[in-house]
Amino acid sequence: MSFGLVTLFPEMFTSFSDYGVTGRAVKDGLVSVDYWNPRDFTHDRHRTVDDRPFGGGPGMLMKVQPLRDAISAAKAASERQSKVIYLSPQGRKLDQQGVVELSTNERLIFVCGRYEGIDERLIETDIDEEWSLGDIVLSGGELAAMSFMDAISRLVPGVLGHEQSSVEDSFFNGLLDCPHYTRPDVLEGLSVPEVLLSGHHENIRVWREQQSLGRTWQRRPDLLEGRELTKHQQTLLDKYISELSS
Ligand SMILES: NC(=O)c1ccc(NCc2ccccc2N2CCOCC2)nc1
């Protein structure tokens, strides 16, 4: 997977490239990241990257010429087919299904807006898809881009050493995650569910699936709509619900 970042603040992305699972993926060459700063594509003495909005109003927009040139350079830098993504509150809201869709691309170029955003005509001419991290307002697109990159990278084969963990990822199978426990076995007078100490792997797997189903039903019933549960899953969920009232 190759990521191209069009951003005024490339240094922000060390959080992705230098730490943890994603840092290891970059180090191992499973994921590559390259940066294209519009400021490097300016030709005036002050290296201007913002411009005033037609129609007036508060704030500035990103200056068109440096931004267009940075996007073109990002596209030209790789023979791979690339998709240019603009992150904004007006985009398609991201969920794990969207992450799976985006992960099928060889190269993604993220355009990170600053100021009040970019000229609408750039979205029509240079941007392929507009996406949103969620209904939140950020000071720039960088943190949204990094969240997209993290979620997408986790689906790249080899990035999560123990393949299993990506399957158990709470949203990977469309259900919320089960509760997790570790030492000490009693914490503030609270013990660990017996089944987890039993060493009975099948019972543990079933308990975890029941917990995922139950918590999803309780906290995010919307995730269960339009989802066919197997008979076994329905039985587990029914038992979970009946035990709530006991
Ligand atoms: N939900 C998201 O994915 C998301 C993405 C970016 C983002 N901010 C950068 C930005 C990009 C485009 C347009 C406006 C803006 N903003 C500039 C600053 O003012 C607020 C609007 N915010 C939230």
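Reading guide: rules and limits
Residues numbered from 1 in each chain as written. Predicted model: local features only at pLDDT ≥ 70, side-chain atom pairs only at ≥ 80, totals over all residues. Heavy atoms only, no water. Core = buried A, V, L, I, M, F, W, Y, C linked by side-chain atoms within 4.5 Å. Buried < 20%, exposed > 50% of the residue type's maximum accessible area, 1.4 Å probe, protein only. Helix = DSSP H or I, 4+ residues; strand = E, 2+ residues; numbered from the N terminus. Contact = heavy atoms within 4.5 Å. Pairing = 2+ DSSP bridges. Right-handed = clockwise from strand over helix to strand, strands pointing away.

Q: Kindly report on the nonpolar core, identifying the contributing residues and their values.
A: One recurring pattern in soluble globular proteins: nonpolar side chains tend to sit buried together. In terms of nonpolar packing, the biggest core is built from 25 residues, with Phe3, Phe110 and Ile152 touching the most fellow members. Listed by contribution, the elements that provide at least two residues to this core are strand S1 (2-6), strand S5 (82-93), helix H4 (96-102), strand S6 (107-111) and helix H6 (142-153). For this core, the element with the most residues is H6, which contributes seven residues. If we ignore the near neighbours within four places in the chain, the residues touching Phe3 are Phe16, Val31, Ser32, Val33, Asp34, Arg107, Leu108, Phe110, Met149, Ile152 and Ser153. Judged by nonpolar contacts, the second largest core, of 19 residues, contains Val6, Leu8, Phe41 and Tyr86.

Q: Explain the pairing of S6 to me, and be specific about the residues and the numbers.
A: Counting buried residues along S6, five of its five residues qualify, which places the element largely inside the surrounding structure. The alternating pattern of S6 places Arg107, Ile109 and Val111 and Leu108 and Phe110 on opposite faces, both of which are buried. Summarising the sheet, S1 and S6 pair through five bridges and their orientation is parallel. By the bridge assignment, Phe3 is partnered in S6 with Leu108. For S5 and S6, the ladder comprises five bridges, and the chain directions are parallel. By the bridge assignment, Ser82 is partnered in S6 with Arg107. As a crossover connection, the stretch from S5 through H4 into S6 is right-handed.

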